[in-house]
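Residue-level structural notes
Residue-level listing of the chains:
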Amino acid sequence: MWTELLPIGRSSVSGGYRRYAWSGADLDCRAWFRAQAEGRGLTYEVDRNGNQWAWLGDPAAGDAVVTGSHLDSVPDGGAFDGPLGVVSSFAALDELRERGAAFGKPLAIVNFGDEEGARFGLACVGSRLAAGQLTKDKAYALRDADGVSLPQAMEQAGYDPAGIGPDPERLARIGAFVELHVEQGRALDLSGDAVGIASAIWPHGRWRFDFHGEANHAGTTRLEDRRDPMLNYADTVLAARREAQAAGALATFGKVSVEPNGVNAIASLVRGWLDSRAADQETLDRVVAGIETAAAERGARDGIDVRVTRESFTPVVEFEHALRDEVAKLLGGVVPVLPTGAGHDAGILSASAPTAMLFVRNPTGVSHSPAETAAEDDCLAGVTALADVLEGLACS
C-alpha cells in the first residue's frame, strides 16, 4: 500500500507532496482508497461532503467503530502526515482478519477530505462540514489562489457540491472514532516509546494580516517619504516570535503575498497569515492580541492601514477521558499520554462522537516537510496497537 501511494502528488523538485483538495493528485489518492476498500470486500461510499468511507458490516446499524485520517497534504508536505493513518487502518483490518476476530459492531475506515486546508485556506473542511462547524454558505465562499471556488473545484473533480453541509445522521452512527497519526514532535523519541496516546489538542487558529501602504518607485522614492507595508509586516513577524516565546506558545507567519510583487517597486499591500497555538485559550488570546497591538502601533507610526481577519479557529479539545482510558487499557496501560499542538479531524469530530488518537514515533520531530519520517518498525507497532484497540472496541 505504501509503495503505491508514494509517487502520487510528489514533487520531483522538492521531494515533498502537493496533494491539494480536489486536484489531480487528490483524485488519484481517492481512487487508491476506493481500490483498497473494494479489494477487501468493504462497502464503499462517498458522503455528501466528499469524505470517503469503507464499511465492514451494516453502515446503518449504529455504534460503529471508525478509524482513518486523510490523504491530502500541505505544500511540499511529508509522506506520513495523514496517509500513515489511512494505510495503518487498512493494515490493522488485515491483521484482525488474520487473527480471526469476530466483529460485534460495524467497522469503518474513513478518508476525510481537505484536512490540511492547503488549497482553500481552511483546515478540516470535510469533517467541519459533516459536524456542522462550517456552513454551506461559508464553504461556497472559499476560493483558492486562482479564484476557483470550493463548489467549482468539486464539480471539476466530478462531485456534486449541492448537498454539502451538516451530516448528523452519519455522525450519529459513530460509537467511537480512533485516529492514528505520526507524531508531529519529538516527545515519543525522547521517551523511547514507539506509540503514544493523545490527551488533548491545543486551541489554535489562523489570522490574516493585511498591511495597506502605498506603491511607489524603489529607485526614486526617499526612505522618509515611503509608506512601505513590508516594514510593518517584518516588524509584526518579529513581534509574533517575541509574544510566543514570552508566553510559552507558538506563533508562525508561514505564508505571505505581496502586491504588486515587483523587485523595483515598493509594495502597496503585504498580506501575511499567522498560525498561533497555545496550551490554553487565555494564553492564545493574549499572544494574538499582543501581535495585533504591535502591528497596529507600527502601522500608526508608518502610515500603514492594518486590518486583521480571523479565518479559522478551533478551541481546545480534551479527548473523552473514558475512551482515552479504555484505549490505554487495551494497550496495556503503560503507553505515554501527551498533548499536541496540531489540529486533526479527530478534534473536529470530538464534539459529535467519542474520539481518541494514537501517535507513532517521529525520530526527528520534523513534519509538514519532505524530511518527515518514521521507522518501519514503529509504523508496524502502530498498526498492531491500532488493531488491538479496534479489536477491543469492535469485537467485544
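Now for a quick tour of the structure. This is a predicted model, so every value here is computed, not measured.

Here we take up the pattern of salt bridges. Note on pairing: side chains with opposite charge can pair once their charged atoms come close. Taken as a whole and judged by the stated rule, the model has 23 salt bridges. Asp-210 serves as the salt-bridge partner of Arg-208, at 3.2 Å between the closest nitrogen and oxygen. Side by side, Arg-208 and Asp-210 carry an identical accessibility label, which is buried.

Turning our attention to helix 2 (residues 24-39). Compared with an ideal rise of 1.5 Å per residue, which puts 16 residues at 22 Å, helix 2 spans 22 Å between its outermost C-alpha atoms and is within 8% of the ideal. Ala-25, Asp-26, Cys-29, Arg-30, Trp-32, Phe-33, Gln-36 and Ala-37 are the residues of helix 2 that are buried. Seen from one end, helix 2 has its buried residues packed into an arc of 155 degrees, which puts them on one side. Those residues of helix 2 that are buried are in contact with helix 1 (2-5), strand 1 (43-46), strand 2 (52-56), helix 3 (83-99) and strand 4 (107-112).

Further remarks concern the packing of helix 9 (residues 229-247) against helix 10 (residues 281-302). Where helix 9 contacts helix 10, the two axes come as close as 9 Å, and the packing angle between them is 150 degrees. Judged by the angle between their axes, helix 9 and helix 10 are roughly antiparallel. Helix 9 and helix 10 meet at a crossing whose hand is right-handed. For the pair formed by helix 9 and helix 10, the contact residues are Leu-231, Asn-232, Asp-235, Thr-236, Ala-239, Ala-240, Glu-243, Ala-244 and Ala-247 on the first element and Thr-283, Arg-286, Val-287, Gly-290, Ile-291, Ala-294, Ala-295, Arg-298, Gly-299 and Asp-302 on the second.

Turning our eyes to something else, we now look at the state of the cysteines. With the rule as written, the count across this model stands at 0 disulfides. Of the cysteine sulfurs around Cys-124, a residue in no disulfide, the closest is that of Cys-29, at 17 Å.

Moving on to the sheet that holds strand 7 (residues 204-212). Strand order in this open sheet of 4 strands is 9-11-7-12, and the pairing throughout is antiparallel. The open sheet terminates on both sides in strands that have one partner only, identified here as strand 9 (250-259) and strand 12 (305-314). On average, adjacent strands in this sheet sit at an angle of 20 degrees to one another, irrespective of strand direction. Pairing geometry for strand 7 and strand 12, over 9 bridges, is antiparallel. Note that in strand 12 the partner of His-204 across the bridge is Thr-314. Across the sheet, helix 9 lies against strand 7, strand 9, strand 11 (269-277) and strand 12, angled at about 170 degrees from strand 9, the strand it touches most. Where helix 10 meets the sheet, its contacts fall on strand 7, strand 9, strand 11 and strand 12, and the angle it forms with strand 7 comes to roughly 5 degrees.

Next up on the list: the nonpolar core. If you look at the biggest cluster of nonpolar residues, it comprises 53 residues, and the most contacted ones within it are Trp-32, Phe-33, Phe-90, Val-327, Leu-331 and Leu-358. Apart from the residues within four sequence positions on either side, Val-327 is in contact with Ile-197, Ala-356, Leu-358 and Val-389. One finds Val-66, Phe-177, Leu-188 and Phe-359 within the second-largest nonpolar core, a separate group that totals 22 residues.

Before going further, it helps to examine the side chain of Thr-67. Inspection of the secondary structure puts Thr-67 in strand 3 (residues 64-70). For Thr-67, a relative accessible area of 1% translates into the label buried. Within the local environment of Thr-67, its side chain forms a polar contact with the side chain of Ser-89, the two groups lying 3.3 Å apart. At 2.7 Å, the side chain of Thr-67 forms a polar contact with the backbone oxygen of Val-178. Non-local contacts of Thr-67, meaning those with residues more than four positions away in its chain, are made with Ser-89, Ala-108, Ile-109, Val-110, Phe-177, Val-178, Leu-386 and Leu-390.

Let us look at helix 13 (residues 376-394). Its 19 residues place the ends of helix 13 26 Å apart at the C-alpha level, agreeing with the 27 Å of an ideal helix rising 1.5 Å per residue. Those residues of helix 13 that sit buried are Asp-378, Cys-379, Gly-382, Val-383, Ala-385, Leu-386, Ala-387, Val-389, Leu-390, Leu-393 and Ala-394.

This brings us to the environment of Phe-177. Here Phe-177 shows up in strand 5 (residues 174-182). Under the relative-accessibility criterion, Phe-177 is labelled buried at 0%. With 67 residues separating them in the primary sequence, Phe-177 and Val-110 have C-alpha atoms 9.9 Å apart. Dropping the residues within four chain positions of it, Phe-177 is found in contact with Val-66, Thr-67, Gly-68, Val-110, Phe-112, Leu-323, Ala-346, Leu-349, Pro-354, Thr-355 and Ala-356.

Moving on: the packing of aromatic side chains. Throughout the structure, instances matching the rule amount to 12 aromatic pairs. Their ring planes at 80 degrees and their centres at 6.1 Å tell us that Trp-53 and Phe-112 sit as a pair that is edge-to-face. Placement of the pair is Trp-53 in strand 2 and Phe-112 in strand 4, with a sequence separation of 59 residues. In this pair, the class of Trp-53 matches that of Phe-112, namely buried.

Quick look at the pairing of strand 4 now. A large share of strand 4 lies buried, amounting to 6 of its 6 residues. Burial along strand 4 is two-sided: the residues Leu-107, Ile-109 and Asn-111 and Ala-108, Val-110 and Phe-112 are all buried. Pairing of strand 2 with strand 4 involves 5 bridges; the strand directions are antiparallel. Each residue of the ladder has a partner; that of Trp-55, found in strand 4, is Ala-108.

Procedures and definitions
- All residue numbers here refer to positions counted from 1 along the written sequence of the relevant chain.
- The predicted nature of this model means local features are confined to residues of pLDDT at least 70 and side-chain atom pairs, given and counted, to a pLDDT of 80 or more, with totals for whole chains, interfaces and linings taken over all residues.
- Only heavy atoms go into the side-chain values, all of them from the structure, while hydrogens and water stay out.
- What counts as a salt bridge is simple: a side-chain nitrogen of Lys or Arg found within 4 Å of a carboxyl oxygen of Asp or Glu.
- Per-residue accessibility, obtained with a 1.4 Å probe over protein chains only, is compared with the maximum for each type, and a residue is labelled buried under 20%, exposed over 50%, and partly exposed between these values.
- Only DSSP runs of H or I covering at least 4 residues are called helices, and only runs of E covering at least 2 are called strands; the numbering of each starts at the N terminus.
- To estimate how far a helix should reach, multiply one less than its number of residues by 1.5 Å.
- Starting at the helix axis, one direction is taken to each C-beta atom, and the arc is that of these directions.
- We call two residues contacting when some pair of their heavy atoms lies within 4.5 Å.
- Angles run from 0 to 180 degrees between N-to-C directions of axes, and those axes are lines fitted to C-alpha atoms, restricted for helices to the stretch in contact.
- Angles below 35 degrees are treated as roughly parallel, those above 145 as roughly antiparallel, those between 65 and 115 as roughly perpendicular, and all remaining angles as oblique.
- By definition, turning the near helix anticlockwise from the far helix through less than a right angle yields a left-handed crossing, and turning it clockwise yields a right-handed one.
- Criterion for a disulfide: a pair of cysteine sulfur atoms within 2.5 Å.
- Between any two strands, pairing holds if DSSP finds at least two bridges.
- By nonpolar core is meant a set of buried Ala, Val, Leu, Ile, Met, Phe, Trp, Tyr and Cys residues that side-chain atoms within 4.5 Å join together.
- Any pair of nitrogen or oxygen atoms within 3.5 Å is treated as a polar contact; in protein, a donor-acceptor pairing is required on top of that, and neighbouring residues in sequence qualify only through side-chain atoms on both sides.
- Geometry of aromatic contacts follows a simple scheme: Phe, Tyr and Trp rings, the Trp one being its six-membered ring, pair when their centres are within 6.5 Å, and the pair is stacked under 30 degrees between planes, edge-to-face over 60, tilted otherwise.

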